[in-house]
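Coordinate analysis (summary)
Chain by chain, the residues run as shown.
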Amino acid sequence: MAPEQGGFTVKIPLIKNEIVISEDIEVIEEGDERYLVIGFKPGQTAFTWNSIFEPTETIGLIAATHPWPEEQVSISLTKPNATKGPSTTIEAVEVIHSPGERSSDVTLKLQLLSSVGGDFVVPAPPDATLKHIRIDGRAVTVKDEKKKIVLPLRPGLQSAEINWIVDGGATFRTSTLGLELPLKPNNISLSLNLPQSRWPLYVGGPNLGPAMLLWGVLIVILGLAIGLGYVVKRQNLSIPVNTTQWVLLALGMSSISILSIVPVVLWFFAMEARSRLKTIGKRSFNLLQVGLAVLTVVAIYSLFLTIPASLLSAPDMQVVGNGSSNYYYHWFQDRTVDSLPQGYVISVSIWVYRLSMLLWSLWLVFALFKWAAWSWQCFSQDKIWQADEPKTE
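A short tour of the structure in this document, coming up. If you're wondering where the values come from, they're calculated on a predicted model, not measured in any experiment.

1. Concerning unusual backbone geometry
- One non-glycine residue, aspartate 136, lies in positive phi territory at about 55°.
- Mapping aspartate 136 onto the fold places it in the loop between strand 11 (128–135) and strand 12 (138–139).
- Judged by its relative accessible area of 28%, aspartate 136 falls in the partly exposed class.
- At glutamine 318, a residue that is not glycine, the phi angle is positive and equals roughly 55°.
- Examined against the element boundaries, glutamine 318 turns out to sit in the loop between helix 4 (282–312) and strand 19 (319–320).

2. Brief notes about the sheet that holds strand 3 (residues 26–30)
- Read across the open sheet, the 3 strands follow the order 1-4-3; overall the sheet is antiparallel. Strands with a single pairing partner mark the edges of an open sheet, and in this sheet they are strand 1 (8–13) and strand 3. The average undirected angle you get between the axes of adjacent strands in this sheet is 35°.
- Of the strand pairs in this sheet, strand 1 and strand 4 (residues 33–40) are connected by 6 bridges, and their pairing is antiparallel. Opposite phenylalanine 8, over in strand 4, you have phenylalanine 40 as the bridge partner.

3. Digging into the pattern of salt bridges
- The final tally for this structure, using the stated rule, is 5 salt bridges.
- Note that lysine 131 is salt-bridged to aspartate 105, the shortest N-O span being 3.5 Å. Of this pair, lysine 131 sits in strand 11 while aspartate 105 sits in strand 9 (residues 103–114), and the two are 26 residues apart along the sequence.
- The closest approach of N and O atoms between glutamate 161 and arginine 134, which form a salt bridge, is 3.4 Å. Of this pair, glutamate 161 sits in strand 14 (residues 156–167) while arginine 134 sits in strand 11; the two residues are 27 residues apart in sequence, bridging distant segments of the chain.
- Residue classification places arginine 134 among the partly exposed positions, given a relative accessible area of 33%.

4. So, the packing of helix 3 (residues 261–275) against helix 5 (residues 350–379)
- At a minimum axis distance of 8 Å, the contact between helix 3 and helix 5 shows a crossing angle of 40°. Classified by the interaxial angle, the pair formed by helix 3 and helix 5 is oblique. The way helix 3 lies across helix 5 gives a crossing that is left-handed. When helix 3 is examined against helix 5, the residues Trp267, Phe268, Met271, Glu272, Arg274 and Ser275 are found in contact with a partner set consisting of Trp371, Trp374, Ser375, Cys378 and Phe379.

5. A closer look at the pairing of strand 17 (residues 198–204)
- Judged by how many residues are buried, strand 17 sits mostly within the fold: 5 of 7 residues are covered.
- As paired elements, strand 17 and strand 21 (residues 344–349) share 6 bridges and run antiparallel to each other. When the bridges of strand 21 are listed, tryptophan 199 appears paired with valine 348.

6. Here's the deal with the nonpolar core
- By size, the foremost hydrophobic cluster in this structure holds 74 residues, and its most contacted members are Leu110, Trp164, Trp246, Leu249 and Phe268.
- When neighbours within four sequence positions are excluded, leucine 110 is seen to be in contact with Ile90, Ala92, Val93, Phe120, Val122, Leu151, Gln158, Ser159, Ala160 and Leu181.
- Judged by nonpolar contacts, the second largest core, of 6 residues, contains Leu14, Val20, Leu36 and Ile38.

7. Some thoughts on the packing of aromatic side chains
- By the definition in use, this model includes 14 aromatic pairs.
- Judged by centre distance (6.5 Å) and plane angle (20°), the rings of tryptophan 246 and phenylalanine 269 are stacked. Highlighted residues: tryptophan 246 in helix 2 (residues 243–254) and phenylalanine 269 in helix 3, separated in sequence by 23 residues.
- Between tryptophan 376 and phenylalanine 379 the ring centres are 6.0 Å apart and the planes differ by 35°, which places this aromatic pair in the tilted class. Remark: phenylalanine 379 and tryptophan 376 occur in helix 5; sequence separation between them is 3 residues, near one turn of the helix.
- Following the ring pairs from residue to residue traces out a cluster consisting of Trp246, Trp267, Phe268, Phe269, Trp360, Trp363, Trp371 and Trp374.
- Over the face of the ring belonging to tryptophan 351 we find arginine 354, whose NZ or CZ atom lies 5.5 Å from the ring centre.

The rules behind these values
Residues numbered from 1 in each chain as written. Predicted model: local features only at pLDDT ≥ 70, side-chain atom pairs only at ≥ 80, totals over all residues. Heavy atoms only, no water. Helix = DSSP H or I, 4+ residues; strand = E, 2+ residues; numbered from the N terminus. Buried < 20%, exposed > 50% of the residue type's maximum accessible area, 1.4 Å probe, protein only. Pairing = 2+ DSSP bridges. Axes fitted to C-alpha atoms, helices over the stretch in contact; angles between N-to-C directions. Salt bridge = Lys/Arg side-chain N within 4 Å of Asp/Glu carboxyl O. Parallel < 35°, antiparallel > 145°, perpendicular 65-115°, else oblique. Left-handed = near helix turned anticlockwise from the far one by under 90°. Contact = heavy atoms within 4.5 Å. Core = buried A, V, L, I, M, F, W, Y, C linked by side-chain atoms within 4.5 Å. Phe/Tyr/Trp six-rings, centres within 6.5 Å; stacked < 30°, edge-to-face > 60°. Lys NZ or Arg CZ within 6 Å of the ring centre and 35° of its normal.

Keep in mind these numbers describe shape, not what the thing actually does.
Now the structure itself:
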């Protein structure tokens, strides 16, 4: 029993093969037994210490006194067998491909997890010049063997960044870097920055990536244009735009803004309705003429806004998906079994687009002369404005 007041000392028997590693603790031997001598201070209710056991197949814990003398617990220990597999894994890969006119800037980023040190060999792209290598953000110098780069590994997780200048810039089919790494990569991110001197026409690559929506929208617009030509011909309307011209008008204006064609279509049919107008009140007629004049200004503005925009800017190809935009494309794939997947862009020179739009603008200017004469005839049919009749005394 512990005293009610003051400190006291107690001896606790140690378990067989127990080695006390806590400092400032007294261990005594009495015959074949070893004891831990613990001094409790006044008011102290608990005491802890740390011990280790020599590695054996079985550890036996035998109680010398409490709770029951000679009560024991046996713990069997086994060393797990090693599993065959690579000592290094590629946790993540990022490829950033930025083509220029004659060469491309290519960056390969790796997240490597290694259980042991060693070398990791990265094959170099053909016709590539090494710019720099960074490991864990620090620039390093490694042996460049032209066809491969050897990265030194340490145990644990580390990052590596390799940057090359590769011969060959943006072409008709521009693809991201495709390398066959020594291990199966995981979490693969691909980025391609297309220069604005190109006109992108199509994108492809891993499923999780960009999509070019303009072509699907154009199919709908072309269907509507063909429908307008059919309505004009079927209803025997005087609108001087045939099916081919509706298609050309839709193709040219939709490359800049799809909504810009709406006021132009409304203007054609509003003028057609004005040419068929019979009897209407003076106030309503004048309001109609004002509305037609306003609509004419909006339609002309939409048409003439398209011309400089198409000649000086790039077409909006409506690229969306996975953070992509008109000239930036991003793909992701969780894993692959062989070489790195590749994303690609089909493109031509931006001058192909601008020359096409120049020809379209010339056609539009000549067509406007014919449309202007027709619209004036519709607008001024019978009269342009209904004035108040003079009062008679």
